[in-house]
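Here's the letter readout for the chains.
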Amino acid sequence: MLKVENIGYWYDNKNDFLYKDVNLTFEKGKSYAILGSSGSGKTTFLSLIAGLDKPKEGAILFNDQAINKIGLTNYRKKCVSVVFQAYNLLPYMTAIQNVTTAMDITHSDRKNRKEFGLTSLESVGIDSSLAHKPVTKLSGGQQQRVAIVRAMCCEHDLIVADEPTGNLDEQTSNDIINIFQKIAHEQNKCVIMVTHEREVADACDYVYELKNKQFEQIVTQ
Ligand SMILES: Nc1ncnc2c1ncn2[C@@H]1O[C@H](COP(=O)(O)OP(=O)(O)OP(=O)(O)O)[C@@H](O)[C@H]1O
């Protein structure tokens with residue numbers, strides 16, 4: 001579904017590239033982790049596949065069409081949802097308003113958006129009373145669940161997440177990891193997450209480590 005072909009990226013100096021000639025394929029119904037040490041370029045890679053920035057070399061294809069051709073704004077609106085470590089929810093809205101607003105912005109075809117949003121929030125442990133609270137009144141783990149449901153409800157085939165468990169305790173992290181695996185396996189989406197935690201990566205179907213400016217596949221049990 002998503003292919004990166006010969007991509008290369010650097011910020012200021014071509015000789016100081018983060019990576020070059022990267023070729024990877026990501027499929028629907030599977031989860032992927034990108035591991036790597038701090039500063040190796042994980043978040044930068046995510047911003048490329050999320051259409052927030054363009055590779056300096058090579059191409060990114062979504063269903064065999066270059067995302068440049070789709071148009072990055074269009075691609076972000078129709079194909080990919082991003083879950084950020086800092087949640088990036090709209091603070092003056094309730095949880096359910098965050099979810100339905102995202103469906104409005106992405107022109108979701110879904111009828112009964114509010115009911116669907118509430119059921120989806122309930123499925124990750126956000127009951128109706130929490131769903132109607134301003135998100136600033138929710139805990140970090142609860143806000144992360146809202147951010148995931150917001151991404152999930154947009155009906156995009158690709159969900160990318162940047163350190164989605166970075167701020168959370170171990171139990172909450174496990175819950176979040178399980179939610180992402182369900183989204184990949186039961187909703188047939190492609191989930192790609194950046195993490196520096198090996199336990200998070202081990203739960204994914206495929207793991208790549210960004211090391212020495214290259215993506216190396218790691219075999220998981
Ligand atoms: N806007 C920018 N301009 C110049 N250099 C940048 C910019 N953003 C990031 N970098 C540099 O690019 C490298 C990769 O950054 P990136 O944030 O992708 O790494 P990361 O693997 O996600 O790190 P972390 O795990 O610490 O979040 C780092 O050396 C960083 O300093």
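Residues numbered from 1 in each chain as written. Predicted model: local features only at pLDDT ≥ 70, side-chain atom pairs only at ≥ 80, totals over all residues. Heavy atoms only, no water.

- An unreviewed UniProt entry lists the chain under the name ABC transporter, with Vagococcus entomophilus as the source organism.

With respect to the sheet that holds strand β7 (residues 158-162)
Here is step 1: Judged by pairing direction, the sheet is mixed, and its 6 strands sit side by side in the order β6-β7-β8-β3-β9-β10 without closing on themselves. Edge positions in the open sheet fall to β6 (80-83) and β10 (214-218), since each of these has one partner strand only. Looking at each pair of strands side by side, their axes are set apart by 20° on average, direction ignored.
Here is step 2: Where helix α1 (residues 42-49) meets the sheet, its contacts fall on β3 (31-36), β6, β7, β8 (190-194), β9 (206-211) and β10, and the angle it forms with β7 comes to roughly 155°. (Pairing = 2+ DSSP bridges. Helix = DSSP H or I, 4+ residues; strand = E, 2+ residues; numbered from the N terminus. Axes fitted to C-alpha atoms, helices over the stretch in contact; angles between N-to-C directions. Contact = heavy atoms within 4.5 Å.)

Focus: unusual backbone geometry
Here is step 1: The phi torsion at Asn88 lies on the positive side, around 50°, for a residue other than glycine.
Here is step 2: Looking at the element boundaries, Asn88 is found in the loop between β6 and α4 (95-105).
Here is step 3: You will see that Asn212, though not glycine, has its phi angle at about 50°, which is positive.
Here is step 4: For Asn212, the position within the fold is in the loop between β9 and β10.
Here is step 5: A relative accessible area of 67% means that Asn212 is categorised as exposed. (Buried < 20%, exposed > 50% of the residue type's maximum accessible area, 1.4 Å probe, protein only.)

Some words on the environment of Leu46
Here is step 1: Considering the arrangement of structural elements, one finds Leu46 in helix α1.
Here is step 2: Spatially, the C-alpha atoms of Leu46 and Met193 are 8.2 Å apart, while their sequence positions differ by 147 residues.
Here is step 3: With residues up to four places along the chain from it excluded, the contact list for Leu46 reads Val160, Ala161, Asp162, Ile192 and Val194.

Looking at the confidence of the model for the chain
Here is step 1: When the pLDDT values of the chain are averaged, the result is 92; 100% of them are 70 or greater.
Here is step 2: Across the whole predicted complex the pTM is 0.91, and at the interface the ipTM reaches 0.97. (pLDDT = per-residue confidence, 0-100.)

Side note on the pairing of β7
Here is step 1: Within β7, 5 of the 5 residues are buried, which leaves the element mostly enclosed by the surrounding structure.
Here is step 2: Where burial is concerned, the two faces of β7 agree: the one with Leu158, Val160 and Asp162 and the one with Ile159 and Ala161 are both buried.
Here is step 3: When β6 meets β7, the two strands line up parallel, connected through 4 bridges. Among the inter-strand pairings, Val82 is bridged to a residue of β7, identified as Val160.
Here is step 4: Sheet topology places β7 next to β8; 5 bridges connect them, and they run parallel.

Regarding the packing of aromatic side chains
Here is step 1: Tallied over the full model, the rule gives 8 aromatic pairs.
Here is step 2: Ring geometry for Phe26 against Tyr32: centres 4.9 Å apart, planes inclined by 80°, an arrangement best described as edge-to-face.
Here is step 3: Here the aromatic cluster, defined as three or more aromatic residues joined through ring pairs, consists of Phe26, Tyr32, Tyr206 and Tyr208.
Here is step 4: One Lys or Arg, Lys20, reaches over the ring of Phe17 and ends 5.3 Å from the middle of that ring.
Here is step 5: Positioned above the aromatic ring of Phe17 is the side chain of Lys213, whose terminal nitrogen or guanidinium carbon lies 4.7 Å from the ring centre. (Phe/Tyr/Trp six-rings, centres within 6.5 Å; stacked < 30°, edge-to-face > 60°. Lys NZ or Arg CZ within 6 Å of the ring centre and 35° of its normal.)

Describing the site of the ligand
Here is step 1: In the vicinity of the ligand, the contacting residues are Tyr11, Leu18, Ser37, Ser38, Gly39, Ser40, Gly41, Lys42, Thr43 and Thr44.
Here is step 2: For the ligand, an oxygen atom lies 2.9 Å from a polar atom in the backbone of Gly39.
Here is step 3: One of the backbone nitrogen or oxygen atoms of Ser40 is found 3.2 Å away from an oxygen atom of the ligand.
Here is step 4: For the ligand, whose unbound accessible area comes to 640 Å², protein coverage reaches 54%.
Here is step 5: Class assignment for the residues of the shell around the ligand results in 2 nonpolar, 7 polar and 1 charged. (Near = heavy atom within 4 Å. Polar contact = N/O pair within 3.5 Å; in protein donor to acceptor, adjacent residues only side chain to side chain. Areas by Shrake-Rupley, 256 points an atom, 1.4 Å probe, with all protein chains shown as cover. Nonpolar A, V, L, I, M, F, W, Y, C, P; charged D, E, K, R; others polar.)

Focus: helix α7 (residues 140-152)
Here is step 1: Between its terminal C-alpha atoms α7 stretches 18 Å, which fits the 18 Å expected from 13 residues at 1.5 Å a residue.
Here is step 2: Extensive coverage of α7 is indicated by the burial of 11 of its 13 residues.
Here is step 3: Among the residues of α7, Gly141, Gln143, Gln144, Arg145, Val146, Ala147, Ile148, Val149, Arg150, Ala151 and Met152 are the ones counted as buried.
Here is step 4: In this fold, the buried residues of α7 make contact with β6, α4, α5 (113-123), β7 and α8 (170-186). (Expected span 1.5 Å × (residues − 1).)

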